[in-house]
Amino acid sequence: MTRRSIGIIVNGVTGRMGYWQHLVRSLLAIREAGGVPLADGTTIWPHLVLVGRSEPKLRQIAERHGLDDWTTDLTAALARDDVQVYFDAQVTQQREKAIRQAIDAGKHIYTEKPLAEDTEAALDLARAARAAGVRTGVVQDKLFLPGLRKLKRLLDGGFFGRVLSVRGEFGYWVFEGDWQPAQRPSWNYRAEDGGGIVVDMFPHWHYVLEELFGAVRSVSCVTATHVPRRVDESGRPYPATADDAAYGVFELEGGVIAQLNSSWCVRVHRDELVEFQVDGTEGSAVAGLRRCRVQHRAVTPKPVWNPDLPATEDFRAQWTDVPDNEEFDNGFKVQWEAFLRHVVAGEPFPWDFLAGARGVQLAELGLVSAREGRRVEVPELSL
Ligand SMILES: NC(=O)c1ccc[n+]([C@@H]2O[C@H](COP(=O)([O-])OP(=O)(O)OC[C@H]3O[C@@H](n4cnc5c(N)ncnc54)[C@H](O)[C@@H]3O)[C@@H](O)[C@H]2O)c1
């Protein structure tokens, strides 16, 4: 068996996503499994070059995982001939500059979302990457969640008949940081540092809606900063300048209406941190991160509105679980494997910079809608 080593810069590896989802759960997990196998018997072996700002933090991570290739000098790492891929999980504001540098160095690029801070910048990166002939990818991890994979299976099998609507609830309570530390980095709550729930979540909603239900044609959005003051990692209070909740309505090509609430100021009374209810003429489904439950037209009960009587039916019990029927691996890892096969063997990978730019566009137009108090059309993007 031939092993083909591929050098990958992992920038932002000290961060939450860079460390847990990309280094530990994806790239190291791929190495533990022996690499990514290709159809011709070759195996892709990720050689990791950890990049970050803090030498002690990088050294500590490298030592913890038996790695020895790390640097705080991105320019030097990009100049190496044995590096083919640049990966970015830095804070969003640092991304555009670093990706541009990687394009100029002729590296293939994979990145966390959002690709850039505005649509023009994202499109510009997509154009520059195409001109340089490098392959690109943007993380779209939610597509690989078991709950959404089962939902996709239902859609592909025609379970719903005509899909009418999608209702999504995403969110949980993010602590303010005063009497209990916040469970998300404080930059998320400062607009001037690239924070905000629209910028964070709308790129996800874009690819979920587009891949499962149809292209997004318009957005209407109301945002709020429900918690105006928070306390940062070092115990200092700061004004929260970014939106921490977004209430969005999206009209999709084909007529589906999607309504998605995103909030860091909501306490969970759901089975999972995100849930989508899909209603169709023939049946309905509720999909979360892992579970997916259905109710078919033939077994739909007939509730009658009567507030004078207590509920007599256990509505949740009237749904049936969709079986897994396959093993679901970590979604970040599955997408990494697909990207590496794309780079090395030219296998298809639809989640490129143009797809990433469409996600940025939806966030940007969602904010325009909120600011101007109107429904905003989403024009098609092209390079
Ligand atoms: N796919 C997902 O589900 C998902 C979830 C959360 C975050 N993200 C994205 O991942 C990226 C990182 O988010 P995170 O939650 O891991 O953030 P984080 O604050 O935990 O990590 C940020 C990383 O960027 C580095 N960095 C570089 N320059 C910086 C600067 N000037 N200031 C601060 N940090 C700097 C930090 O050292 C750290 O390694 C963001 O772009 C975010 O949108 C994606």
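Because the structure is a prediction, the values reported are computed rather than measured. (Residues numbered from 1 in each chain as written. Predicted model: local features only at pLDDT ≥ 70, side-chain atom pairs only at ≥ 80, totals over all residues.)

Asks: Could you give an account of the pairing of strand β13 (residues 257–263), with specific residues and numbers?
Replies: Here 7 bridges tie strand β8 (residues 163–171) to β13, and the two strands are oriented parallel to one another. Its bridge partner lying in β13, Val166 is registered against Ala258. Pairing analysis gives 7 bridges linking strand β12 (residues 245–252) to β13, with the strands arranged antiparallel. The residue bridging Ala246 from the neighbouring strand is Ser262, located in β13. Taken together, β12 and the strand that follows it, β13, pair antiparallel across an intervening segment of 4 residues, in which Gly254 is found at a positive phi of about 95°. (Pairing = 2+ DSSP bridges. Helix = DSSP H or I, 4+ residues; strand = E, 2+ residues; numbered from the N terminus.)

Asks: Can you lay out the site of the ligand for me, pointing to particular residues and giving the numbers?
Replies: The ligand sits among 19 residues. The nearest are Gly15, Arg16, Met17, Gln90 and Pro185. In terms of residues, the shell around the ligand owes the most to one element, helix α1 (residues 16–32), which gives 3 residues. The residue inventory of the shell around the ligand, partitioned by class, reads 5 nonpolar, 8 polar and 6 charged. (Near = placed C-beta within 6 Å. Nonpolar A, V, L, I, M, F, W, Y, C, P; charged D, E, K, R; others polar.)

Asks: Help me get a handle on the domain arrangement of the chain, residues and values and all.
Replies: Parsing the chain into structural domains produces domain 1 (3–141 + 331–351) and domain 2 (143–325 + 361–376). On a C-alpha basis, the centroid separation for the pair domain 1 and domain 2 is 28 Å. Counting residues at the interface gives 14 residues for domain 1, matched by 13 residues for domain 2. Top contributing element to the side of domain 1 that touches domain 2 by residue count: helix α8 (residues 331–345), with 3 residues. For the side of domain 1 that touches domain 2, the class distribution of residues is 3 nonpolar, 6 polar and 5 charged. (Domains from an automatic or database assignment. Contact = placed C-beta atoms within 7 Å.)

Asks: How would you explain the sheet that holds strand β18 (residues 376–377) if you had to name every residue and give the values?
Replies: Taken together, 9 strands build an open sheet; the order of strands is β17-β16-β15-β14-β8-β13-β12-β9-β18 and the sheet is mixed. Each having just a single partner strand, β17 (320–321) and β18 make up the two edges of the open sheet. Along the sheet, helix α7 (residues 197–212) makes contact with β8, β9 (216–224), β12 and β13, crossing β12 at roughly 25°. (Axes fitted to C-alpha atoms, helices over the stretch in contact; angles between N-to-C directions.)

Asks: Just give me the short version of the pairing of strand β5 (residues 85–88), but keep the residues and values in it.
Replies: Burial of the side chains of β5 extends over both faces: Val85 and Phe87 are buried on one face and Tyr86 and Asp88 on the other. By the bridge criterion, 4 bridges tie strand β1 (residues 3–11) to β5 in an arrangement that is parallel. Bridged to Ile9 within β5 is Tyr86. Alignment of β5 against strand β6 (residues 108–111), held across 4 bridges, turns out to be parallel. Of the residues in β6, the one forming a bridge with Phe87 is Tyr110. (Buried ≥ 20, exposed ≤ 12 C-beta atoms within 10 Å, placed from the backbone.)

Asks: Quick one: what's the story with the UniProt feature "domain: Gfo/Idh/MocA-like oxidoreductase N-terminal" (unreviewed entry) in the chain, residue by residue and with numbers?
Replies: Feature annotation in UniProt places "domain: Gfo/Idh/MocA-like oxidoreductase N-terminal" (unreviewed entry) on residues 50–138, given in this structure's numbering. With 44% helix and 17% strand, the stretch residues 50–138 has end C-alpha atoms that lie 19 Å from each other. (UniProt positions renumbered as here; feature names shortened; annotations may be inferred.)

Asks: Account for the nonpolar core, naming residues and giving values.
Replies: If you look at the biggest cluster of nonpolar residues, it comprises 94 residues, and the most contacted ones within it are Ile9, Val10, Val49, Leu50 and Leu209. Composition of this core by domain shows at least three residues from each of domain 1 (3–141 + 331–351) and domain 2 (143–325 + 361–376). Ignoring any residue separated from it by four or fewer positions in sequence, one finds Val49 in contact with Gly7, Ile8, Ile9, Val10, Asp69, Trp70, Thr71, Ala77 and Val83. (Core = buried A, V, L, I, M, F, W, Y, C linked by C-beta atoms within 7 Å.)

Asks: Give a detailed account of the packing of α1 against α8, specifying residues and quantitative values.
Replies: Packing of α1 against α8 leaves a shortest axis separation of 9 Å and a crossing angle of 55°. One way to sum up the angle between α1 and α8 is to call them oblique. Between α1 and α8 lies a crossing of right-handed hand. Between α1 and α8, the contacting residues are Gln21, His22, Arg25, Ser26, Leu27, Ala29 and Ile30 on the first element and Phe332, Lys333, Trp336 and Glu337 on the second. Residues that form the contact of α1 with α8 fall into these classes: 5 nonpolar, 3 polar and 3 charged. (Parallel < 35°, antiparallel > 145°, perpendicular 65-115°, else oblique. Left-handed = near helix turned anticlockwise from the far one by under 90°.)

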